[in-house]
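Here is what each chain is made of, one letter per residue.
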Protein chains: 2
Amino acid sequence: MAINKKEAFSQEEQALATMAKALAHPARIAILKELAKRNECICGELVDVLPLAQSTVSQHLRELKEAGLIAGTIDGPKSCYCINESAFRKAIDSFSSFFKDIETRQKTAGCCS
Amino acid sequence: MAINKKEAFSQEEQALATMAKALAHPARIAILKELAKRNECICGELVDVLPLAQSTVSQHLRELKEAGLIAGTIDGPKSCYCINESAFRKAIDSFSSFFKDIETRQKTAGCCS
DNA sequence: AAAGTATATCGCAAATATACGATTTAGAAT
DNA sequence: ATTCTAAATCGTATATTTGCGATATACTTT
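Overview of the structure. (Residues numbered from 1 in each chain as written. Chains lettered and ligands numbered in written order. Predicted model: local features only at pLDDT ≥ 70, side-chain atom pairs only at ≥ 80, totals over all residues. Heavy atoms only, no water.)

So, the packing of helix 2 (residues 26–38) of chain A against helix 1 (residues 11–22) of chain B
The N-to-C vectors of helix 2 of chain A and helix 1 of chain B enclose an angle of 115°; their axes lie 8 Å apart at closest approach. For the pair helix 2 of chain A and helix 1 of chain B, the sense of crossing is right-handed. Between helix 2 of chain A, through Pro-26, Ile-29, Ala-30 and Lys-33 of chain A, and helix 1 of chain B, the contact on the second element is made entirely by Glu-12, Glu-13, Gln-14, Leu-16 and Ala-17 of chain B. Taken together, the residues of the contact of helix 2 of chain A with helix 1 of chain B break down into five nonpolar, one polar and three charged. (Axes fitted to C-alpha atoms, helices over the stretch in contact; angles between N-to-C directions. Helix = DSSP H or I, 4+ residues; strand = E, 2+ residues; numbered from the N terminus. Left-handed = near helix turned anticlockwise from the far one by under 90°. Contact = heavy atoms within 4.5 Å. Nonpolar A, V, L, I, M, F, W, Y, C, P; charged D, E, K, R; others polar.)

Thoughts on the relation of the copies chain A and chain B
Each copy superposes on the other: chain A lies on chain B with an RMSD of 0.0 Å after a rotation of 180° and an axial shift of 0.0 Å. When the rotation and shift are considered jointly, the pair of chain copies conforms to a two-fold rotation axis. In terms of C-alpha distance to the rotation axis, chain A has Ala-20 of chain A as its closest residue, with the C-alpha 2.4 Å off the axis. An overlap of 100% is found between the interface residues of chain A and their copies at the interface of chain B, pointing to a shared contact surface. (Least-squares fit on C-alpha atoms with pLDDT ≥ 70 in both.)

Some remarks on the pairing of strand 2 (residues 78–83) of chain B
Residues and elements named next belong to chain B. As judged from the six bridges shared by strand 1 (residues 70–75) and strand 2, these two strands associate in the antiparallel manner. Within strand 2, the position partnered with Asp-75 by the bridge is Lys-78. Connecting strand 1 to the next strand, strand 2, in antiparallel fashion are two residues, including Gly-76 with a positive phi near 70°. (Pairing = 2+ DSSP bridges.)

Points about the protein's contact with DNA strand D
The full set close to DNA strand D counts 27 residues, and Lys-5, Cys-43, Gln-54, Ser-58 and Tyr-81 of chain A are the nearest of them. The sugar and phosphate moieties of DNA strand D supply 65% of its atoms located within 4 Å of the protein. In the model, a phosphate oxygen of DNA strand D is placed 2.7 Å from a nitrogen or oxygen of the Lys-5 of chain A side chain. At 2.9 Å, a side-chain N or O of Thr-56 of chain B approaches a phosphate oxygen of DNA strand D. Per-element accounting of the surface near DNA strand D gives the leading share, five residues, to helix 4 (residues 54–66) of chain B. (Near = heavy atom within 4 Å. Polar contact = N/O pair within 3.5 Å; in protein donor to acceptor, adjacent residues only side chain to side chain.)

Looking at the packing of aromatic side chains
In this structure the tally under the stated criterion is nine aromatic pairs over all chains. Here the aromatic rings of Phe-88 of chain A and Phe-99 of chain B are separated by 5.9 Å at their centres, their planes lie at 85°, and the arrangement is edge-to-face. With Phe-88 of chain A in helix 5 (residues 85–105) and Phe-99 of chain B in helix 5 (residues 85–105), this pair bridges two chains. Phe-99 of chain B shares its class with Phe-88 of chain A; the two are buried. Between Phe-95 of chain A and Phe-99 of chain A the ring centres are 6.0 Å apart and the planes differ by 35°, which places this aromatic pair in the tilted class. One end of the pair is Phe-95 of chain A and the other is Phe-99 of chain A, both in helix 5 and four residues apart, which spans about a single turn. Judged by relative accessible area, which is 6%, Phe-99 of chain A ranks as buried. Taken together, the ring pairs in this structure connect Phe-88, Phe-95, Phe-98 and Phe-99 of chain A together with Phe-88, Phe-95, Phe-98 and Phe-99 of chain B into an aromatic cluster. (Phe/Tyr/Trp six-rings, centres within 6.5 Å; stacked < 30°, edge-to-face > 60°. Buried < 20%, exposed > 50% of the residue type's maximum accessible area, 1.4 Å probe, protein only.)

Listed below in structure tokens is the structure:
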């Protein structure tokens, strides 16, 4: 019975929800912070920093990559990841305009606040 | 094997991930937009607007309520929901400072961009 | 009191996410 | 060529999410 009804919503709503989902796990938040902190790409150092197994970290990295938030290149036997700035900025813009939209419409207090 | 490792992360990371999760479904994005649009609280009109069954909408509303993003009061036989402005603003601040943090650290281009 | 209306909750099925160990892949070093 | 190292992928177990119909709840209207 759990058919995916997500397609029934607007592109914009779907896109924002997808970005939110990419950020919906503390491990992925931590990964993004760590990547930004080090600036230059790192790889398995994340495994040392995070309280997760190597395979689990790899999985989270793939999710962030699929969402487009990070990019990865193979550097010898290691893998090197970094933040995809343009995609990230687009994500920020989506969130910002959504938040702004909510805030500007919300002029007066609702009946239950 | 899927023990919850979320507690192993910082409070801040967990809180942000929780907020992101609340926004991680297009139905919940749509609900928030609709609530903001109408400003005054509405209830089951959401069921008419959304392509989902009444029980499913109710479930999404509960999730948003648990995340603190909306408030609900019982108004006779109907239920009345609206955006919890202060909580919402706090959420916006969390996202903003996270994004800002990422952006400011990310001065130079990473090795794989 | 009885019937109607609006919501919430329960129970269930299916899909997806989380996590890990084991294995595979691929380049580096001996 | 063999061994080593780093990372991705596979297989699997469990947890959570999504979705719906059916039922329960609670207030209104008749």
